[in-house]
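Read off the chains here:
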Amino acid sequence: MTMEKIQQKHPAQILIVDDDDGIRRLVYTLLTNAGYQADAVEDALEAQKQLANKNYDAVISDIMMPGMSGIDLLKDLQQNMPDLPVILMTGNPDLGTAAKAIRTGSAVDYLSKPFSTDQILQTVKRAVEIKKFRDDNRRLTAENERYRLHLEAVVEEKSAELVKAHDFTLEAMVAMLDAREKATGQHSVRVRNLSLILGQALGLSSAELDALARGTLLHDIGKIATPDAILLKPGKLTEEEWVIMKTHAQAGYDIVQSSERLALAAELILSHHEKFNGSGYPRGLKGKEICLGARIFSVVDAYDAMRSVRVYKGPIPADEAVEEIVRCGGAHFDPDVVQVFLTCQPELEEVAGWDTLDNPPS
């Protein structure tokens, strides 16, 4: 066969390892004449140095060499350069060692000395193609991973946008509800923010805090179904009107419980008028039967009501409002929540700023 020089824009790099100077020179000459770039070393230790400093597309190694054998070099490459194809050469008529290396996948092929020009060129060509396939596969895997991470980032970004839009919609709806009742100062948003301070002090998890935030924000959402004649009545409600008014807790629960995102907040909405001693509504729950979010809310809501300016009343001083919260501990409020409230009360005052809230600038 007439050997044709391989036309390669970027010639493959081959490392030859053999302690036999004659074989080493022969293989080097055959490969370079065929268009490959080649380096030749006489032992496995020199091969390791070459491999540490240069990238190769294939290694041709003799098996029987003084010191570190070709099989030892093969094992080292399998550990540190598993994508690098290795061709074993042997002059031993017993090819069991080379065949075993190929069966286990650690070597891609072997050459039995003496070999023909065609044999070595075809074997090296296959090894270089294997290297290219492995490199392409690795690049594809890396590209797929980058694409997956990109998609995850896009999904997270879109999810964050949807959450932001969802929260904006909820806050806008609650603001309209507050305005409907002529409640000034963004009562629902303020109660949500203050409840979160207590929730964090009580050690709630992130999921529990999220449910607390949504439940407190939407606590009065059921009042959407309450007639204006009752909701906005300036005087006292009749017994019949109170029955209708009290349905807003169940109505709010019914509105939000079907939403997967709001389901955890639904129980707080249903229970936000329950009292610790069991005198609340709609179910007359008592003590720890009331969900913790509702027990937190009831303290914060009562304190906010006392400290806020309303058209029909001025704010109660902070010390008097605190005294009232403490007095109702064990009756209306969970005593444990009240104790945490007392430690957080200065922070609540700072965040809410009730003393200046709703006062027009001078």
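Refer to the preceding data block for the structure.
Treat the numbers as computed from the prediction; the structure is a model and nothing was measured.

S.K.: Please clarify how the overall build of the protein should be interpreted in this entry.
M.R.: Looking only at helices and strands, one finds 14 helices and 5 strands in the protein. The buried share of the protein, reckoned over its 362 residues, is 40%. A sequence separation of at least 24 residues applies to 62% of the contacts in the protein between residues at least 6 apart. Carbon together with sulfur atoms contributes 54% to the accessible area of the protein, which is approximately 20000 Å² in total.

S.K.: Any chance you could explain the nonpolar core here in plain terms?
M.R.: The tendency in soluble globular proteins is for nonpolar side chains to be buried as a group. Leu194, Leu198, Val299, Tyr303, Ile325, Phe341 and Leu348 are the most contacted members of the largest nonpolar core, which has 30 residues in total. Contacts of Leu194, omitting those with residues within four sequence positions, involve Val300, Leu348, Val351, Ala352 and Trp354. Leu30, Leu31, Ala34 and Leu121 belong to the second largest nonpolar core, which has 21 residues in total.

S.K.: What should I look at first to understand the sheet that holds strand S5 (residues 109–112) in this one?
M.R.: The strand order S2-S1-S3-S4-S5 describes an open sheet built from 5 strands, whose pairing is parallel. Taken across any chain shown, the strands that pair with only one partner, and hence form the sheet edges, are strand S2 (37–41) and S5. Strand after strand, the sheet turns through a mean of 20° between neighbouring axes, direction not considered. Pairing of strand S1 (residues 13–17) with strand S3 (residues 58–62) involves 4 bridges; the strand directions are parallel. Residue Val17 lies in a different strand from S3, and its bridge partner there is Ser61. Along the sheet, helix H3 (residues 70–80) makes contact with S1, S3 and strand S4 (86–90), crossing S4 at roughly 175°.

S.K.: What is the right way to read the packing of aromatic side chains from this model?
M.R.: Each aromatic ring pair is summarised here by two numbers: the centre-to-centre distance and the angle between the ring planes. Enumeration according to the criterion identifies 2 aromatic pairs in this entry. Seen from their ring centres, Tyr303 and Phe341 are 5.0 Å apart, and the 65° between their planes marks the pair as edge-to-face. Here Tyr303, found in helix H12 (residues 292–307), pairs with Phe341, found in helix H14 (residues 335–352); they are 38 residues apart in sequence, far enough to count as distant. Taken as a pair, Tyr303 and Phe341 share a single burial class, namely buried. The interplanar angle of 85° and the centroid separation of 5.2 Å between the aromatic rings of Tyr303 and Trp354 together place this pair among those described as edge-to-face. Taken together, the residues span a long stretch of sequence, with Tyr303 in helix H12 and Trp354 in the segment after H14 at a distance of 51 residues. Across the pair, Trp354 and Tyr303 agree in class, each one buried.

S.K.: Looking at this structure, how should I read the packing of helix H6 (residues 187–201) against H14?
M.R.: How two helices sit against one another is set out by the angle between their axes and by the gap between those axes. Relative orientation of the contacting elements H6 and H14 amounts to 135°, with a least axis distance of 9 Å. Judged on the interaxial angle alone, H14 and H6 are oblique. By crossing handedness, the relation of H6 to H14 is classed as right-handed. Across the interface between the two elements, Arg190, Leu194, Ile197, Leu198 and Ala201 of H6 pack against Val337, Val340, Phe341, Cys344, Glu347, Leu348, Val351 and Ala352 of H14. Considered class by class, the residues forming the contact of H6 with H14 number 11 nonpolar, no polar and 2 charged.

S.K.: Can you help me understand the pattern of salt bridges in this one?
M.R.: Side chains that carry opposite charge are capable of pairing whenever their charged atoms lie near each other. Scanning all chains against the criterion turns up 21 salt bridges. The salt bridge partner of Lys223 is Asp220, with a shortest N-O separation of 3.3 Å. Lys223 gets classed as buried once you look at its relative accessible area, which sits at 10%.

S.K.: Help me out: how do you make sense of unusual backbone geometry in this one?
M.R.: Excluding glycine, most residues fall at negative phi; most peptide bonds, likewise, are trans. Along the chain, Lys113 connects to Pro114 via a cis peptide bond; the corresponding omega equals -5°. Tracing the backbone through its elements, the reader meets Pro114 in the loop between S5 and helix H5 (117–180). A cis amide bond links Tyr281 with the next residue in sequence, Pro282, at an omega value of 10°. Note on placement: Pro282 falls in the loop between helix H11 (263–271) and H12.

Conventions we followed
Residues numbered from 1 in each chain as written. Predicted model: local features only at pLDDT ≥ 70, side-chain atom pairs only at ≥ 80, totals over all residues. Heavy atoms only, no water. Helix = DSSP H or I, 4+ residues; strand = E, 2+ residues; numbered from the N terminus. Buried < 20%, exposed > 50% of the residue type's maximum accessible area, 1.4 Å probe, protein only. Contact = heavy atoms within 4.5 Å. Areas by Shrake-Rupley, 256 points an atom, 1.4 Å probe, with all protein chains shown as cover. Core = buried A, V, L, I, M, F, W, Y, C linked by side-chain atoms within 4.5 Å. Pairing = 2+ DSSP bridges. Axes fitted to C-alpha atoms, helices over the stretch in contact; angles between N-to-C directions. Phe/Tyr/Trp six-rings, centres within 6.5 Å; stacked < 30°, edge-to-face > 60°. Parallel < 35°, antiparallel > 145°, perpendicular 65-115°, else oblique. Left-handed = near helix turned anticlockwise from the far one by under 90°. Nonpolar A, V, L, I, M, F, W, Y, C, P; charged D, E, K, R; others polar. Salt bridge = Lys/Arg side-chain N within 4 Å of Asp/Glu carboxyl O.

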